Amino acid sequence: MDTPVVIVGTGLAGYNLAREFRKLDNDTPLLLITADDGRSYSKPMLSTGFARNKDADGLCMAEPGAMAEQLDAEVRTHTPVTGIDPGHKRLWLGEEAVAYRDLVLAWGAEVIRVPVEGEARDALLALNDLEDYARFRQAAQGKRRVLILGAGLIGCEFANDLSLGGYEVDLVAPCEQVMPALLHPAPAAAVQAGLESLGVRLHLGPVLSRLEYAADGLEAHLSDGRVIACDLVLSAVGLRPRIALAAAAGLAINRGIMVDRQLRTSHANIHALGDCAEVDGLNLLYVMPLMACARALAKTLTGTPTEVAYGAMPITVKTPVCPLIVSPPPRGTQGEWTVEGSGGDIKALCQDASGALLGYALTGAAVQEKLALNRLLPALLP
Ligand SMILES: Cc1cc2nc3c(=O)[nH]c(=O)nc-3n(C[C@H](O)[C@H](O)[C@H](O)COP(=O)(O)OP(=O)(O)OC[C@H]3O[C@@H](n4cnc5c(N)ncnc54)[C@H](O)[C@@H]3O)c2cc1C
């Protein structure tokens, strides 16, 4: 039998690549390996589950067995890859060696852990996959007060979702505004006001320094001396690409696993895509770029070397209390921001010296202008 194409990871990157591959090749054996339970789900839906009252089973789209059948592939679940041996074209599952024709790393990004002191520090929960989500829902049963760490996109989405789900939410982050890496201050203020209108209490500036057990739950001690009573703490301080195993195997890494436009790593027959990959210098932790990569890589793996191109890729942030779409200016560009609108309806545009649109952020009613503006945006990887 032929040596299989091996995909590590059954997230959106792994499964979409497998689907695109099968559209072009019905014969080559395909093996998917994942550390988790292998269920197919859409990760972006994890931050909408409380408002829609969906548990982990409700968010699952297909069991791994059904995926295996659909993809005519073998899917090995609960099977962490522990090493790669590029010289012999094989990888390690503990003691077991698995040979590959081509290897694709689609193993995602991992949660950044913040150092926290205190007896209850292990009560900190993170939420980066469906199994985390099941655990979090279990822990949240019968509870009322959630403290969220991090005011990035994911922290804000969870704050919105958990308050719609009936929880009291405090959000702590050491920054001056929400989504500081992504967003101009004016639309950030609109989102913040929206969250506050739901009753979310934002504590911007301090960090969580200590977590202790209290008589009825937990006590979060912030670095500015404030103490917040809560039942659960959800850490959403950010993700970073999984690079350790790639680095140990001698693959070139930077922020992510470095790949060129054909998604090739520094080693022959090893590719990467999705949250773990840094594509021509860009590590974008979103679905749109990974879909473009899956389509291009499927062609390359089936004999037509194909480069990926990214058009504009605006990000829809799921804070329904204040709808937000943002398209940050591409790296290396210089522009000036202008802000129109007021209250929850903000249109912030970033333009270069010639007036060409580089990026935008739209909130509230202004999101209606996205289609017209999208046509004017520059491509991220032309
Ligand atoms: C709450 C939340 C909301 C989001 N909302 C949006 C949104 O609205 N729009 C958007 O574009 N993006 C959104 N994103 C980002 C988007 O979900 C991710 O970019 C995308 O899902 C990443 O897919 P992936 O397949 O690269 O990684 P993952 O889904 O993380 O999959 C990684 C896979 O690799 C496996 N794995 C890891 N290590 C190993 C190992 N050593 N051996 C074997 N298997 C391994 C894992 O088990 C898993 O199967 C959101 C993310 C989160 C967390």
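Preceding block: the structure.
Fair warning: this is a prediction, and the values are worked out from it, not measured in the lab. (Residues numbered from 1 in each chain as written. Predicted model: local features only at pLDDT ≥ 70, side-chain atom pairs only at ≥ 80, totals over all residues. Heavy atoms only, no water.)

(A) The arrangement of helix α6 (residues 185-197) in detail. For α6, built from 13 residues, the straight-helix expectation of 18 Å at 1.5 Å per residue is met to within 8% by its first-to-last C-alpha distance of 18 Å. For α6, every residue scored as buried is listed here: Pro187, Ala188, Ala190, Val191, Gln192, Gly194 and Leu195. Structurally, α6 contributes buried residues whose contacts are with α5 (153-164), β14 (201-204), β24 (324-327), β26 (345-351) and β27 (357-363). Directly after α6, the chain includes Gly199, whose backbone phi takes a positive value near 100°. (Helix = DSSP H or I, 4+ residues; strand = E, 2+ residues; numbered from the N terminus. Expected span 1.5 Å × (residues − 1). Buried < 20%, exposed > 50% of the residue type's maximum accessible area, 1.4 Å probe, protein only. Contact = heavy atoms within 4.5 Å.)

(B) The arrangement of the pairing of β24 in detail. On β24, burial covers both faces: Leu324 and Val326 on one face and Ile325 and Ser327 on the other are all buried. Alignment of strand β23 (residues 315-317) against β24, held across 3 bridges, turns out to be antiparallel. Paired with Ile315 across the strands is Val326, a residue of β24. With antiparallel pairing between neighbouring strands as the criterion, β23 and β24 make up a hairpin whose turn holds 6 residues. Pairing of β24 with β27, which is carried by 4 bridges, proceeds in the antiparallel orientation. Residue Ile325 lies in a different strand from β27, and its bridge partner there is Leu362. (Pairing = 2+ DSSP bridges.)

(C) Examining the pattern of salt bridges more closely. Considering all chains together, one arrives at 20 salt bridges under this definition. The salt bridge involving Asp57 is made with Arg39; its shortest N-O contact spans 2.9 Å. Highlighted residues: Asp57 in helix α2 (residues 56-59) and Arg39 in the loop between β2 (30-33) and β3 (40-41), separated in sequence by 18 residues. Measuring nitrogen to oxygen at the nearest pair gives 3.0 Å for the salt bridge that ties Lys318 to Glu157. Here Lys318, found in the loop between β23 and β24, pairs with Glu157, found in helix α5; they are 161 residues apart in sequence, far enough to count as distant. (Salt bridge = Lys/Arg side-chain N within 4 Å of Asp/Glu carboxyl O.)

(D) Layout of the sheet that holds strand β7 (residues 90-93). Sheet architecture is open: 3 strands sit in the order β6-β7-β8, paired in antiparallel fashion. With one partner strand each, in any of the chains shown, β6 (83-85) and β8 (96-99) form the two edges of the open sheet. Within the sheet, the average angular offset between the axes of one strand and its neighbour, ignoring direction, is 25°. When β6 meets β7, the two strands line up antiparallel, connected through 3 bridges. Bridge pairing in β7 places Gly83 opposite Trp92. (Axes fitted to C-alpha atoms, helices over the stretch in contact; angles between N-to-C directions.)

(E) Looking closely at the site of the ligand. Near the ligand, the surroundings consist of 32 residues, among which Lys43, Val81, Asp275, Val287 and Lys318 are the closest. A distance of 3.0 Å separates a nitrogen atom of the ligand from a polar backbone atom of Ala35. Residue Asp36 places a side-chain N or O atom 3.2 Å away from an oxygen atom belonging to the ligand. For the shell around the ligand, the secondary-structure elements that each account for two or more residues are α1 (12-24), α5 and α8 (287-301). Broken down by element, the residue count for the shell around the ligand peaks at 3 residues, all from α5. A breakdown of the residues in the shell around the ligand according to their chemical character gives 17 nonpolar, 9 polar and 6 charged. (Near = heavy atom within 4 Å. Polar contact = N/O pair within 3.5 Å; in protein donor to acceptor, adjacent residues only side chain to side chain. Nonpolar A, V, L, I, M, F, W, Y, C, P; charged D, E, K, R; others polar.)

(F) Up close: the sheet that holds strand β11 (residues 124-126). Within the open sheet, the 5 strands sit side by side as β11-β18-β12-β13-β14. Their pairing is parallel. The open sheet terminates on both sides in strands that have one partner only, identified here as β11 and β14. The sheet shows a mean angle of 25° between the axes of neighbouring strands, direction not considered. Summarising the sheet, strand β12 (residues 145-149) and strand β13 (residues 168-173) pair through 5 bridges and their orientation is parallel.

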